[in-house]
Amino acid sequence: MTKTLVTGGTGALGRLVVDRLREAGHDVRVLSRRSGAGTHVGDLRTGTGVAEAAAGTDVIVHAASDFRRMGGSDLAQTENLLRQARGARHLLYVSIVGIDRIPFRYYRNKLACERAVIAAGMPHTILRATQFHELIAAVLQTVERWPVAPLPPDFRFQPVAAADVARRLAALAEGEPLGRAPDFGGPEVLTSAQLAQVWQAARQRPRRIVPLPAPGRIGSAFRAGLNTCPDHPDGTQTWSQFVAAGPANPYAAERKRR
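Residues numbered from 1 in each chain as written. Predicted model: local features only at pLDDT ≥ 70, side-chain atom pairs only at ≥ 80, totals over all residues. Heavy atoms only, no water.

**Student:** What am I meant to see in the environment of V139 here?
**Tutor:** Inspection of the secondary structure puts V139 in helix 5 (residues 133-143). The exposure class of V139 is partly exposed, given its relative accessible area of 42%. Between the C-alpha atoms of V139 and L178, which are 39 residues apart in sequence, the distance is 33 Å. (Helix = DSSP H or I, 4+ residues; strand = E, 2+ residues; numbered from the N terminus. Buried < 20%, exposed > 50% of the residue type's maximum accessible area, 1.4 Å probe, protein only.)

This is the structure:
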């Protein structure tokens, strides 16, 4: 039985990864700062408890990320994990498509984490995925409550279900380290206007959407679709299917758990 540690295992993606790994027969450990939330208590920011959680593991899936601080502590967390997990035969790091081409602060921090994983010399696989359906839904659930929802209409996305990414990670965890795995995207590329139209048709909200100008290099990058990977439409669930299923907001639930 493969002993596998999942960081971020109580998050929107991590919980799904844990389920897939257990279904595949892995002995799964979940690192969490809160007692009772996972199998092991530890804090990646300080390194406390990480060595104990990682001891004797074969595979580590590093899915923890600091959204609230725009990834500001991600590098320190990743470096702490790398120092404490030298004995594992395979580290999987979850990353984002386009982080080396879009000058967004959160993306720069994710790219620094990728480089730290590579520099550590540990057998690893880096999987870059496109934006999750769940993340886009969280944004739209926020703005649908406003009288007017300002959105940049021509940003391009290739949304993918977190469950599809979790299945891919579980499969990678059973294989040999690849270094950089092929990018993983959803089945279709859509503009933000198209995403909002599907949402609005299903929920009758937001009542009014107005174009939001997005000048600068970051806006240009998203308009050009540098965050997409059209050659890898590997996810199966479309955005329309996701919205029709009546999505909840796992990111809000994750904030409550913290």
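From this point, the narrative continues.
**Student:** I'm lost on unusual backbone geometry in this one. Help?
**Tutor:** Excluding glycine, a negative phi dihedral is what most residues carry, and trans is how most peptide bonds are arranged. Geometrically, the link from R205 to P206 is a cis peptide bond, its omega value of -5 degrees lying close to zero. Note on placement: P206 falls in the loop between helix 7 (192-203) and strand 11 (209-211). Not every positive phi belongs to a glycine, and Q204 is a case in point at roughly 60 degrees. Along the polypeptide, Q204 turns up in the loop between helix 7 and strand 11.

**Student:** Honestly, the sheet that holds strand 1 (residues 3-7) in this entry has me stumped. Any pointers?
**Tutor:** Within a beta sheet, neighbouring strands are joined by backbone hydrogen bonds and run either parallel or antiparallel to one another. Strand order in this open sheet of seven strands is 3-2-1-4-5-6-9, and the pairing throughout is parallel. Whereas interior strands pair on both sides, the edge strands pair on one side only; in this sheet they are strand 3 (40-41) and strand 9 (179-180). Bridge count between strand 1 and strand 4 (residues 59-62): four bridges; the pairing is parallel. The residue bridging V6 from the neighbouring strand is V61, located in strand 4. (Pairing = 2+ DSSP bridges.)

**Student:** Before we go on, may I ask you to explain helix 8 (residues 216-223) in this structure?
**Tutor:** In an α-helix, one turn spans 3.6 residues; hence positions three or four apart end up facing the same way. Looking at helix 8, one finds that the buried residues are G219, A221 and F222. The arc enclosing the buried residues of helix 8, seen along the axis, measures out at 160 degrees, which places them on a common side. If you follow the buried residues of helix 8, they end up packed against helix 4 (105-119) and strand 8 (156-157). Once helix 8 ends, the next one or two residues include G225, with phi positive near 75 degrees. (Arc of directions from axis to C-beta. Contact = heavy atoms within 4.5 Å.)

**Student:** In this structure, what is going on with the environment of A196? I would like to understand it.
**Tutor:** Here A196 shows up in helix 7. Taking relative accessible area as the criterion, A196 reaches 3% and is therefore assigned buried. Note: C-alpha distance between A196 and L127 (69 residues apart in sequence) is 27 Å. Setting aside residues no more than four positions away along its own chain, A196 makes contact with L151 and I209.

Honestly, it's all geometry; don't read function into it.
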